[in-house]
Amino acid sequence: MTELKNLDKIVNLCKGRGFVFPGSEIYGGFANTWDYGPVGNELKKNVKNAWWKRFVQESPNTYGVDAAILMNPRVWDASGHTQNFSDPLMDCKECKQRFRADNLIEDNSKGKVSAEAMTNEQMENYIAEHKVNCPNCGKFNWSNIRQFKLMFETSRGTVEGQKDVVYLRPETCQGEYVNFLNVQRTARAKVPFAIAQIGKSFRNEITPGNFLFRTIEFEQMELQMFCKEEESFKIYDDYKKQAREFLLNLGFKEEHLKYHDHEKLAHYAKAACDIFYKFPIGFSELNGIHHRSTWDLSRHSEFSGKAMQYVDPVTNEKFTPNVIEYSIGADRLTLAVLCEAYDEETLENGETRVVLHFHPALAPYKVAILPLQKNLGEKAREVYAKLSKEFMCDYDEAGSIGKRYRREDEIGTPFCVTIDFDTLNDNTVTIRDRDTMEQIRLPIDDLVDYVSTRIKF
Ligand code: ATP
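Residues numbered from 1 in each chain as written. Predicted model: local features only at pLDDT ≥ 70, side-chain atom pairs only at ≥ 80, totals over all residues. Heavy atoms only, no water.

K.L.:
Residue-level account of the overall build of the protein, with values.
P.N.:
Counting secondary structure elements, the protein contains 15 helices and 23 strands. Out of the 457 residues belonging to the protein, those deemed buried represent 51%. Expressed as a percentage of contacts within the protein between residues at least 6 apart in sequence, the contacts between residues at least 24 apart total 64%. Looking at the protein as shown, the accessible area adds up to about 22500 Å², and 47% of this sits on carbon and sulfur atoms. Computed over 60 positive and 69 negative side-chain charges, the separation of the two mean positions in the protein equals 2 Å. (Helix = DSSP H or I, 4+ residues; strand = E, 2+ residues; numbered from the N terminus. Buried < 20%, exposed > 50% of the residue type's maximum accessible area, 1.4 Å probe, protein only. Contact = heavy atoms within 4.5 Å. Areas by Shrake-Rupley, 256 points an atom, 1.4 Å probe, with all protein chains shown as cover. Lys, Arg positive; Asp, Glu negative; His and termini not counted. Charge placed at Lys NZ, Arg CZ, Asp CG, Glu CD.)

K.L.:
Can you lay out helix α15 (residues 447-454) for me, pointing to particular residues and giving the numbers?
P.N.:
Considered for burial, the residues of α15 that qualify are Leu447, Val448, Tyr450 and Val451. The buried residues of α15 all sit within an arc of 165° when viewed along its axis, so they share a single face. Exposed side chains of α15 directed beyond 90 degrees from the buried face belong to Asp449 and Thr453. Buried-residue contacts for α15 involve β19 (367-371), α12 (377-387), β21 (415-419), β22 (428-433) and β23 (439-443). (Arc of directions from axis to C-beta.)

K.L.:
So, the sheet that holds β23: which residues are in play, and what are the values?
P.N.:
Read from one edge to the other, the open sheet built from five strands follows the order β20-β19-β21-β22-β23, with strand pairing classed as mixed. Two strands bound the open sheet, and with one partner strand each, they are β20 (393-395) and β23. Direction aside, the axes of adjacent strands within the sheet are offset by 30° on average. Summarising the sheet, β19 and β21 pair through five bridges and their orientation is parallel. Across the sheet, residue Leu370 finds its bridge partner in β21, namely Thr418. (Pairing = 2+ DSSP bridges. Axes fitted to C-alpha atoms, helices over the stretch in contact; angles between N-to-C directions.)

K.L.:
With reference to specific residues and values, describe the packing of aromatic side chains.
P.N.:
In this structure the tally under the stated criterion is 21 aromatic pairs. Ring plane angle 85° and centroid distance 5.1 Å describe the contact between Phe213 and Phe279, whose orientation is recorded as edge-to-face. Placement of Phe213 in the loop between β9 (193-202) and β10 (217-227) and of Phe279 in strand β12 (residues 271-279) is noted, with a sequence separation of 66 residues between them. Comparing Phe213 with Phe279, the two get one shared label, buried. One aromatic cluster is present, built from ring pairs that chain together Trp51, Trp52, Phe55, Tyr239, Phe246, Tyr326 and Phe457. If you follow Arg54 out to its NZ or CZ, it ends over the ring of Phe55, 4.9 Å from the centre. (Phe/Tyr/Trp six-rings, centres within 6.5 Å; stacked < 30°, edge-to-face > 60°. Lys NZ or Arg CZ within 6 Å of the ring centre and 35° of its normal.)

K.L.:
Any chance you could break down the site of the ligand for me, citing the residues and the numbers?
P.N.:
Close contacts around the ligand come from 15 residues, with Arg203, Glu205, Arg214, Glu285 and Leu286 the closest. Within the complex, the protein chains bury 83% of what would otherwise be the 580 Å² of accessible surface of the ligand. Of all the secondary-structure elements, those providing two or more residues to the shell around the ligand are β10, β13 (282-291) and β16 (322-329). When residues in the shell around the ligand are grouped by element, the largest group, four residues, is from β13. Among the residues making up the shell around the ligand, the classes are represented as four nonpolar, six polar and five charged. (Near = heavy atom within 4 Å. Nonpolar A, V, L, I, M, F, W, Y, C, P; charged D, E, K, R; others polar.)

K.L.:
Kindly report on the state of the cysteines, identifying the contributing residues and their values.
P.N.:
Under the defined criterion, the tally for this structure stands at zero disulfides. Cys134 forms no disulfide, and the closest cysteine sulfur to it belongs to Cys95, at a distance of 3.7 Å. When its relative accessible area of 2% is taken as the criterion, Cys134 is described as buried. The cysteine Cys137 is free of any disulfide, with Cys92 supplying the nearest cysteine sulfur at 3.7 Å. (Disulfide = S-S within 2.5 Å.)

K.L.:
Quick one: what's the story with the pattern of salt bridges, residue by residue and with numbers?
P.N.:
For the coordinates displayed, the defined rule picks out 31 salt bridges. Linking Arg432 and Asp409 is a salt bridge whose minimum nitrogen-to-oxygen distance equals 3.1 Å. With Arg432 in strand β22 and Asp409 in helix α13 (residues 401-410), this pair connects stretches of sequence that are 23 residues apart. Across this residue pair, the class does not change: Arg432 and Asp409 are buried. Several salt bridges converge on common partners, so that one network encompasses Glu345, Arg353, Arg406, Asp409 and Arg432. (Salt bridge = Lys/Arg side-chain N within 4 Å of Asp/Glu carboxyl O.)

K.L.:
Give a description of the environment of Val451 that names residues and reports values.
P.N.:
Along the chain, the position of Val451 falls in helix α15. Along the backbone, Val451 and Asn136 are 315 residues apart, and their C-alpha atoms lie at a distance of 51 Å. Residues in contact with Val451, not counting those within four places in the same chain, are Lys366, Val367, Phe391, Phe415 and Ile431.

K.L.:
Can you explain the sheet that holds strand β11 (residues 257-261)? Please cite residues and give values.
P.N.:
Read from one edge to the other, the open sheet built from seven strands follows the order β3-β9-β10-β16-β13-β12-β11, with strand pairing classed as mixed. Each having just a single partner strand, β3 (62-64) and β11 make up the two edges of the open sheet. In this sheet, neighbouring strand axes are inclined to one another by 25° on average, regardless of whether the strands run parallel or antiparallel. In terms of strand pairing, β3 meets β9 through three bridges, oriented parallel. Considered in β9, the bridge of Gly64 is made with Ala196. The strands that helix α8 (residues 180-187) touches are β3, β9 and β10; relative to β9, the one it contacts most, it runs at about 140°. Sitting on the sheet, helix α9 (residues 229-249) is in contact with β9, β10, β11, β12, β13 and β16, with an inclination near 150° to β13.

So far we have only geometry, and geometry alone does not tell us how the molecule works.
Next up, the structure:
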C-alpha cells in the first residue's frame, strides 16, 4: 500500500463510518474545513480530555482558562501578528494557483531541503535555479514572493463605515498571557506555574490541508509555563520529554516520533523544538515546545501599560518571568491517533479486517451491546441502560454478528458485549476484545468493573 493511498483510506473510512465529513458538503464543500460526525466528535473529545487530564488535572501547578476568541486588537499589535503573521506566497501566472514558496522547495526536494531558514530572496533563487515547476499545471512562470496575511478579520460595530476591525485569534496562547496577573493572583500561584487552555484558533491557510492536518479553523491545546530564567532550560527539556511520553502512553510507536530542533529561531526565542509524527504524508510537525524568553509578558507590559511581573513572596524580588510554551493541535493529534490506530489484518479465513487499535481511553464507544437476535432486545436494552450510565456505548441489532463485530472494529470499539439466550437464564454475557478477538463469559454485574479497569489512561 503506498503512503498516500493510506491517507485516502483513512479519509474514506472517516467519511463512511461517521468520524469526519467534508465541511458544507452539500454545497460542494469549503476548502480546508471538516465537520466531526458522531464517532469523530467522541474521539476528539477523548483526545482533549486525555491531554487535559495529563497536563492540567495531574499537574498541581497548572491552571486552566477559557479565554475569549475575540480579543482587543491591541493584543495582536503586542504579539507582532498584525505586522508579521504572514506566509511567503507565489502565484503561478499560467494557471493562477497560489503556493507557499517554502512548501514548493520542500516538496520539490522531497523533504531533503528545509526552507525554514531561507529569506524570500533565497527562496526565489532556489526555485529559479532548480526550475521548480507549478505542481498544478507543470509550467514555470512565477510571480515574485508576496507575504500573505494569515489572520482572519471581522468587524465590530453596527454603523456602516464605522466598523472596527477585530481578528479571529490565530493562536490561543495570548488568552493565557493577558490573564497572567489574574490567574497568578486568584490561584496564589508561585513560579514555576502554567496556564493551560484548549480552544479554537483560525488561520487563513491557503495550502492544501491534507485532511485534518492543516485546516483554517482548528483547536489548540496549549500551556504556558512561567518561570525564573535559571530554571527555564530544565523546564523546556522536561516538556520535551513529557510531550513525547504523553504520545507514547497513548500508544504511539517510538519509531513514529522524532524531535526536530528549529534551525532558525524567532529573534526572542531561546530554543524551539517540534515533535514530528510519521503521518502518511511523511514526518511532519505534531506539536511544538518553545522557549519564548520574557518576550510575551514584556510586550504586553509595553502595550497595555500594566506591569506583567511576578513578585517573589520570600525575597520580594520583582521580575518578568520567562515562558516555556507547549502547544499541540487537537485536530492534528486526532488525525495522528487515527493514522496510528489504523490497521488492516488478514484473518485465518483469508478475509481482511480493518481495525482501529485506539487506546481504549480514546475510543469513541467503550462498549457495543449486540443482541444475538432481535427478540433478545429487551434484555440487551437493559444492559445498555446499565452500561451507558458509565460509558459511551453503541447499540446494534442489525445484521449478522460477524458483520456487527467488523463494524465495531472499524470504529475502534474495544469491547463488544453479546446477549444470547443463555443470558436470559444466567445473567451472563460474552465479551469480545477488539485487539485479540478473544471472547470470555462474564456476569452482567461484573461488566462495569471489567471495562473500567481496562479503559484507564
Ligand atoms: P505549521 O508549521 O504546521 O503551520 P506552526 O508551527 O505554525 O505549524 P504553531 O503555531 O506552533 O504551529 O501551533 C501549534 C500547533 O497547532 C501545531 O504544532 C499544530 O499541531 C497545530 N496547528 C497549527 N496550525 C494548524 C492548522 N492550520 N491546522 C491544524 N492544526 C494546526
